[in-house]
2 protein chains.
Amino acid sequence: MDKELLYLQIAKDIEHQIRTGLLKTGDKLPSIRTIRQERGVSMSTATQAYIELESRGFIESKPQSGFFVTYTKRVLQSPTTTEPVSVHGMEEIEDIIETVYNNRKKCDTILSMGTPSIELLPVAKLNKSVVSALRSLPDSGIGYDLRGNYKLKELIAQRAMMWGGKIDASEIITTAGCMDAIAFSLLSLTKAGDTIIVESPVYYGILQLAKNIGLKVLELPTNSITGIEPDALKKVLKSKKISLCILVSNYNNPYGSCMPDENKKTVVKLLEHYGVPLVEDDEYGEFHFGNKRPSNCKTFDESGNVIWCGSFSKTLAPGYRVGWVSAGKFHEKISRTKSYHSLACNSLAQEAIANFIENSRYDHHLRNLRRTLYNHSLQFLRCITEYFPEDIKVSSPEGGFILWVEMGKKRNALELYDKAVRKKISIAPGRMYTLQNQYNDCFKLSFGMPWSPKIEQGLKTLGKLIHEL
Amino acid sequence: MDKELLYLQIAKDIEHQIRTGLLKTGDKLPSIRTIRQERGVSMSTATQAYIELESRGFIESKPQSGFFVTYTKRVLQSPTTTEPVSVHGMEEIEDIIETVYNNRKKCDTILSMGTPSIELLPVAKLNKSVVSALRSLPDSGIGYDLRGNYKLKELIAQRAMMWGGKIDASEIITTAGCMDAIAFSLLSLTKAGDTIIVESPVYYGILQLAKNIGLKVLELPTNSITGIEPDALKKVLKSKKISLCILVSNYNNPYGSCMPDENKKTVVKLLEHYGVPLVEDDEYGEFHFGNKRPSNCKTFDESGNVIWCGSFSKTLAPGYRVGWVSAGKFHEKISRTKSYHSLACNSLAQEAIANFIENSRYDHHLRNLRRTLYNHSLQFLRCITEYFPEDIKVSSPEGGFILWVEMGKKRNALELYDKAVRKKISIAPGRMYTLQNQYNDCFKLSFGMPWSPKIEQGLKTLGKLIHEL
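Note that the structure is a prediction, hence the values are computed from the model and not measured. Counting from 1, residues in each chain are numbered in the order their sequence is written. Each chain takes a letter, starting from A, and each ligand takes a number, starting from 1, following the order in which they are written. Predicted model: local features are reported for residues with pLDDT of at least 70 only, side-chain atom pairs are reported and counted for 80 or more only, and whole-chain, interface and lining totals are derived from all residues. Just so you know, side-chain values use all the structure's heavy atoms and leave hydrogens and water out.

**Regarding the overall build of chain A**
No. 1: Regarding its fold elements, chain A presents 15 helices and 17 strands.
No. 2: With the C-alpha coordinates aligned to their principal axes, the bounding extent of chain A is approximately 75 × 55 × 45 Å.
No. 3: When accessible area is computed with a 1.4 Å probe and restricted to protein chains, residues below 20% of their type maximum are described as buried, those above 50% as exposed, and intermediate ones as partly exposed. Every one of the 469 residues in chain A was classed for burial, and the buried ones make up 63%.
No. 4: In chain A, the share of contacts with a sequence separation of at least 24, taken over all contacts with a separation of at least 6, comes to 76%. Helix numbering and strand numbering both begin at the N terminus, where a helix is a DSSP run of H or I of at least 4 residues and a strand a DSSP run of E of at least 2. Every residue pair with non-hydrogen atoms within 4.5 Å of one another is taken to be in contact.

Laid out in structure tokens, this is it:
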């Protein structure tokens, strides 16, 4: 058999295994070395076979990780671009949020969390960094750290270079998590009665915070792949007095969208033109499945109008309460608000995280975490393909750990929620993520917990419940 | 010599030593056992001698600590009751605050700090509690602690019984320090444009926070011994719309005042009657020099109108950022504000402090700290008596670690400040503690650092500079 036919034959064999379900979506393929040995072919033939399969969308290579099956029997449709309607109150969503929180205790398959679960976080290694921090800080972290840990700020600034962020350590204000950073930004730049704009669906924490401060929230049309719609944004900016905009530009929670560079540029320019500060919530940017971390809106910020907020709460240690904000031209204002409201952040946690990053533990951990989450995403998409009705739509994010499922108008997610809880499965109804009467047919799934047969069973049950609706 | 004359003779000898300066204010006296042995008298005679000296104000007994010289050659006068005048802006005091912060680096005798210095805090033992907490928390504190550490809340509630506080653990909301607790209270119960009332002088952090939120601040006449004047309070409540009142009822920073129970009761009733919530900042209540911890306003709160705020930032670990608020009838509101603005507090720090308290380390540490600070207060008052001009007035607090010095209208504290900095001594000018054009002749001294000849020298220099003004 000539060399060309040989690699095509290998590709065909593997394709057959995939089509018949012998190899499932998310499964890791044998290494090229193994193929070479098993088939007695050259390295280049084995490689060509995989390239062929990849180009036809059956498999995908992940850096330092190997090849994975990505083929799904049917093409999953993406959710439709949202179009928010009339505004309702906060009361009903508070009820849903509380119900979801309280019911979690009763469930054993939790698909509604907003952070990767502890099993995926590096507890033992982080403990070592805590002990190192007790030793390296002259006062063991007992004293105030009024100006924030400078070493940590330098490391955050260095990491920003990965997405083209030109940020100086002195521009970074450490905060007790990302919500803290967003809250200080809102307190500094808005006043009660002002209107802010957000994506839709939007993380309910933003809605709660805005209401608490007395702000009106305008939800804008959002695409499940590209994020907020620039045209809709322009229209609103032209016609209304807007005080501030908050966006989760990468791997949005809950919608999964990641704004393309073009959209980021356009949105940054637009907001700058209308003098509307942009708070960029970058909680998920590190969770890219591809090789390269996506840019941020901050990457394209030339005037200092973008307030870049992030934290280690999703990637490393939610309980440490360490986040930051690099606030561009609003630095002085937000820095003062932070110190007036809370003086300082936990000294020990800041030093422990700096130590963890310095020792390359953070990058190592992130590589593992991304690989794991990518694999989970494939498993989830496979299960959804297999078990959910044909007509459902689902986001297929290129990062993060969250899926948005749209069931179609005749199915109700709150009804599904109740039925799922009775089967001890916790999901997050879409209605939690808007002030408006919408997303009643949607729900959010998190794949941030260790993959297990129990979770597959949970998704199967969920599929059955959706069929029955 | 008969027994009666014997004890009087001993008392007279010691009185002579004190009057001639052989024994100085703050010096520890020989133990009763030593007196008995040296003089060859009975235990009861030695004891009687000390009781005689104590009743005449020459010495004072401290529990588990012995007898100390308290006599000062001249009686130090207390500062006059304050009478705030017209309101000025925040700008000028921001400048002074910044100058004081920045100049500290240049100084080697720091008498302007707002917390006891690290040397007085139990670093090594607290580190042990951190390591224990890493082990005792199932996730080593990496996970969110959304509801707050319950063990810690129970311990705070138990400790509240010492001042007659009937507080249930479930009523306690943990926060990232006391300012955080006060900020959440203000954000929950006031809106921009509202007026709040405070003592005068008042901790500048309250002024900064209030301005940041857009609140107007009304400073009320305050007595350096008994705190806010109830009559003045009543007059204001009758005539003005007030949204909230903040008081540091015990060992006020910077004035040193401690409200007597009667005043606490009256103030609580008054505010309740006028429907004005009281935020009680109880940062200093644990610093009592006497045997008994003073009551709080919260002790006399029957309607849930008092919002009791505290922290471990002054007593134990400023850098840990652990405080709390027990908000009475405002619990739900403030609890929501806390979780919307910051989600949770640092999990590890809460557990470490709970561990530290549970192992009786906290009470042991507090006993030592109180004894040390009491002794410092005597040393400071002795130095002020010896080195400062006769006509100055100074607070003599029964707890805390702060003194307020009033120099008289012809002397300017900012001028003194500049001269002191040139001698590498850092004090806190009175003007920092008011929005009004007053306290220009006052300054604050902290005795929260280890006593040393260098500090005595600093106070001597300061006295010289005041003489020269």
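Here the narrative resumes.
**Thoughts on the environment of Phe356 of chain B**
Residue and element names in this part refer to chain B.
No. 1: Here Phe356 shows up in helix H12 (residues 347-358).
No. 2: Here Phe356 falls in the buried class, since its relative accessible area comes to 0%.
No. 3: The sequence separation of Phe356 and Ser335 amounts to 21 residues, and the corresponding C-alpha distance is 25 Å.
No. 4: Aside from chain neighbours lying at most four places away, what touches Phe356 is Pro122, Lys125, Leu126, Ser129, Leu316, Arg361, Tyr362 and His365.

**Some details on the interface of chain A and chain B**
No. 1: Contact residues are listed per partner, giving 52 residues for chain A and 52 residues for chain B.
No. 2: A quick way to say it: buried area is the sum, across both parts, of accessible area lost when two parts are put together, with a 1.4 Å probe. Summed over the three residues of chain A that lose the most area to chain B, namely Ile142, Tyr340 and His341 of chain A, the buried surface amounts to 19% of that side.
No. 3: Any carboxyl oxygen of Asp or Glu that lies within 4 Å of a side-chain nitrogen of Lys or Arg is treated as forming a salt bridge with it. Seen at the junction of chain A and chain B, the total is four salt bridges.
No. 4: Between Glu94 of chain B and Arg336 of chain A there is a salt bridge; the shortest N-O distance is 3.3 Å.
No. 5: Under the rule applied, a polar contact is a pair of N or O atoms within 3.5 Å (in protein, one hydrogen donor and one hydrogen acceptor; residues adjacent in sequence only if both atoms are side-chain atoms). Counting every contact that joins chain A to chain B gives 22 residue pairs in polar contact (both at pLDDT 80 or more).
No. 6: Looking at the side of chain A that touches chain B, the elements that each hand over two or more residues are helix H4 (91-104), helix H5 (123-136), helix H7 (178-189), helix H8 (204-213), helix H11 (331-342) and helix H12 (347-358) of chain A.
No. 7: With six residues, the single largest contributor to the side of chain A that touches chain B is H5 of chain A.
No. 8: For the side of chain A that touches chain B, a count of residues per class yields 29 nonpolar, 15 polar and eight charged. Note on residue categories: nonpolar means Ala, Val, Leu, Ile, Met, Phe, Trp, Tyr, Cys or Pro, charged means Asp, Glu, Lys or Arg, and polar means any other residue, Gly included.

**Let's talk about the relation of the copies chain A and chain B**
No. 1: Least-squares fitting of chain A to chain B yields an RMSD of 0.1 Å, with the transformation described by 0.0 Å of translation along the axis and a rotation of 180°. Considering both components of the superposition, the chain copies are consistent with a two-fold axis.
No. 2: A shared binding surface is used by both copies, with 100% of the interface residues of chain A retained as interface residues in chain B. Only residues with pLDDT of at least 70 in both copies contribute their C-alpha atoms to the least-squares superposition of the copies.

**Describing the layout of surface pockets**
No. 1: Residues are said to line a cavity or pocket when one of their atoms sits within 4 Å of a point; the points come from a 1 Å grid over protein atoms alone, cavities being sets where a 1.4 Å probe fits but cannot get out and pockets being open sets with protein on both sides within 12 Å along at least five of seven lines. Grid points are joined across faces, edges and corners, and a volume is the space filled by probe spheres set on the points. What the second largest pocket holds in volume is close to 1,000 Å³.
No. 2: Around the second largest pocket, the lining is made up of 45 residues, and of these Arg104, Met113 and Thr115 of chain A together with Tyr144 and Leu146 of chain B lie nearest the centre.
No. 3: Those elements giving two or more residues to the lining of the second largest pocket turn out to be H4, strand E3 (109-110), H7 and helix H15 (453-468) of chain A.

**Description of unusual backbone geometry**
No. 1: Cis geometry is adopted by the peptide bond preceding Pro254 of chain A, which originates at Asn253 of chain A and carries an omega value of 15°.
No. 2: Of note, the bond from Ser200 of chain B into Pro201 of chain B is cis; its omega dihedral lies within 30 degrees of zero at 0°.
No. 3: Structurally, Pro201 of chain B is set in the loop between strand E5 (195-199) and helix H8 (204-213).
No. 4: Located in the positive-phi region is Ser360 of chain A, a residue other than glycine, with phi close to 60°.
No. 5: Mapped onto the fold, Ser360 of chain A is located in the loop between H12 and helix H13 (361-387).
No. 6: Relative accessible area serves as the criterion here: at 48%, Ser360 of chain A is assigned to the partly exposed category.

**Some details on helix H6 (residues 150-160) of chain B**
Residue and element names in this part refer to chain B.
No. 1: Here H6 has its buried residues at Leu152, Lys153, Leu155, Ile156, Ala157, Arg159 and Ala160.
No. 2: Looking at the buried positions of H6, the neighbouring elements they touch are strand E4 (172-175), strand E11 (306-311), strand E12 (323-326), H12 and helix H13 (361-387).
No. 3: Its side-chain oxygen placed 3.1 Å from the backbone nitrogen of Lys151, Asn149 serves as the N-cap of H6.

**Brief notes about the packing of helix H6 (residues 150-160) of chain A against H12 of chain A**
Residue and element names in this part refer to chain A.
No. 1: Axis definition: a line fitted to C-alpha atoms, limited for helices to the stretch in contact. Angles are taken between N-to-C directions and run from 0 to 180 degrees. Running from N to C, H6 and H12 point in directions that differ by 45°, and their axes come no closer than 9 Å. Between H6 and H12, the angle is such that the two are oblique. In the packing of H6 onto H12, the handedness of the crossing is left-handed. The segment H6 lies against H12, with Lys151, Leu152, Leu155 and Arg159 engaging Gln350, Glu351, Ile353, Ala354, Ile357 and Glu358.
No. 2: Here the residues of the contact of H6 with H12 sort into five nonpolar, one polar and four charged. Relative orientations are named as follows: roughly parallel for angles under 35 degrees, roughly antiparallel for angles over 145 degrees, roughly perpendicular for angles from 65 to 115 degrees, and oblique for any other angle. Less than a right angle of anticlockwise turn of the near helix away from the far helix marks a crossing as left-handed, whereas a clockwise turn marks it as right-handed.

**Points about the packing of H7 of chain A against helix H11 (residues 331-342) of chain B**
Any two packed helices are characterised by the angle at which their axes cross and by the distance between the axes.
No. 1: Running from amino to carboxyl end, H7 of chain A crosses H11 of chain B at an angle of 105°, the nearest separation of the two axes being 6 Å. Of the possible angle classes, the one that applies to H7 of chain A and H11 of chain B is roughly perpendicular. For the pair formed by H7 of chain A and H11 of chain B, the contact residues are Met179, Asp180, Ala183 and Leu187 of chain A on the first element and Tyr340, His341 and Ser342 of chain B on the second.
No. 2: Its residues assigned to classes, the contact of H7 of chain A with H11 of chain B comprises four nonpolar, two polar and one charged.

**Some details on the packing of aromatic side chains**
No. 1: Each Phe, Tyr or Trp ring, with Trp reduced to its six-membered ring, pairs with another whose centre is within 6.5 Å; inter-plane angles below 30 degrees give stacked pairs, above 60 give edge-to-face pairs, and intermediate values give tilted ones. Within this structure, the stated rule accounts for 34 aromatic pairs over all chains.
No. 2: A centroid spacing of 5.7 Å and a plane angle of 50° characterise the contact between Phe380 of chain A and Phe447 of chain A, whose relative ring orientation is tilted. Of the two residues, Phe380 of chain A sits in helix H13 while Phe447 of chain A sits in the loop between strand E17 (442-446) and H15, which places them 67 residues apart along the sequence. With respect to burial, Phe380 of chain A and Phe447 of chain A carry one shared label: buried.
No. 3: Here the aromatic residues Trp163, Trp308, Phe312, Trp324, Phe356 and Tyr362 of chain A are joined through ring pairs into a cluster of three or more.
No. 4: Seen from the ring of Tyr374 of chain A, Lys62 of chain A lies directly overhead, with NZ or CZ sitting 4.1 Å from the centre.
No. 5: In our convention, an over-ring charge means Lys NZ or Arg CZ found within 6 Å of a ring centre and within 35 degrees of that ring's normal. Geometry around Tyr101 of chain B places Arg104 of chain B over its ring, the cationic atom sitting 4.9 Å from the centre.

**Some thoughts on the pattern of salt bridges**
No. 1: Scanning all chains against the criterion turns up 44 salt bridges over all chains.
No. 2: One salt bridge in this structure joins Arg382 of chain A and Glu456 of chain A, with 2.8 Å as the shortest N-O distance. On the criterion of sequence distance, the pair formed by Arg382 of chain A in helix H13 and Glu456 of chain A in helix H15 is long-range, its members being 74 residues apart. Residue Arg382 of chain A shares its accessibility class with Glu456 of chain A, and that shared class is buried.
No. 3: When salt bridges with common partners are traced through the structure, they connect Glu94 and Glu98 of chain A together with Glu332 and Arg336 of chain B into a single cluster.

**Details of the side chain of Ser129 of chain A**
All names here are of chain A.
No. 1: With respect to the helices, strands and loops of the structure, Ser129 is situated in helix H5.
No. 2: In this structure Ser129 comes out as buried when scored by relative accessible area, which is 0%.
No. 3: Ser129 has contacts with Ala352, Asn355, Phe356 and Arg361, leaving out every residue within four places of it along the chain.

**Regarding the sheet that holds strand E17 (residues 442-446) of chain B**
Residues and elements named next belong to chain B.
No. 1: Overall, antiparallel pairing links the four strands, which are arranged E13-E14-E17-E16 in an open sheet. What marks the edges here is a single partner per strand, and that holds for strand E13 (393-394) and strand E16 (428-429).
No. 2: Two strands qualify as a pair provided that DSSP identifies no fewer than 2 bridges between them. With five bridges joining them, strand E14 (residues 402-406) and E17 adopt antiparallel strand pairing. The residue of E17 that forms the bridge with Leu403 is Leu445.

**What to know about the confidence of the model for chain A**
No. 1: Considering every residue of chain A, the mean pLDDT works out to 93; 97% of them sit at 70 or more.
No. 2: The complex prediction reports pTM at 0.88, with the ipTM value standing at 0.88. Per-residue confidence from the predictor is given as pLDDT, running between 0 and 100.

**Topic: the sheet that holds strand E5 (residues 195-199) of chain A**
All names here are of chain A.
No. 1: One open sheet holds the seven strands; their spatial order is E4-E12-E11-E10-E9-E5-E6, and the pairing between them is mixed. Unpaired on one side and paired on the other, strand E4 (172-175) and strand E6 (216-220) mark the two borders of the sheet. Between one strand axis and the next, the sheet turns by 20° as a mean value, whatever way the strands run.
No. 2: Docked against the sheet, H7 engages E4, E5, strand E9 (244-247), strand E10 (278-281), strand E11 (306-311) and strand E12 (323-326), running at close to 155° with respect to E11.
No. 3: The sheet strands contacting H8 are E5, E6 and E9, and the helix crosses E6 at an angle near 150°.

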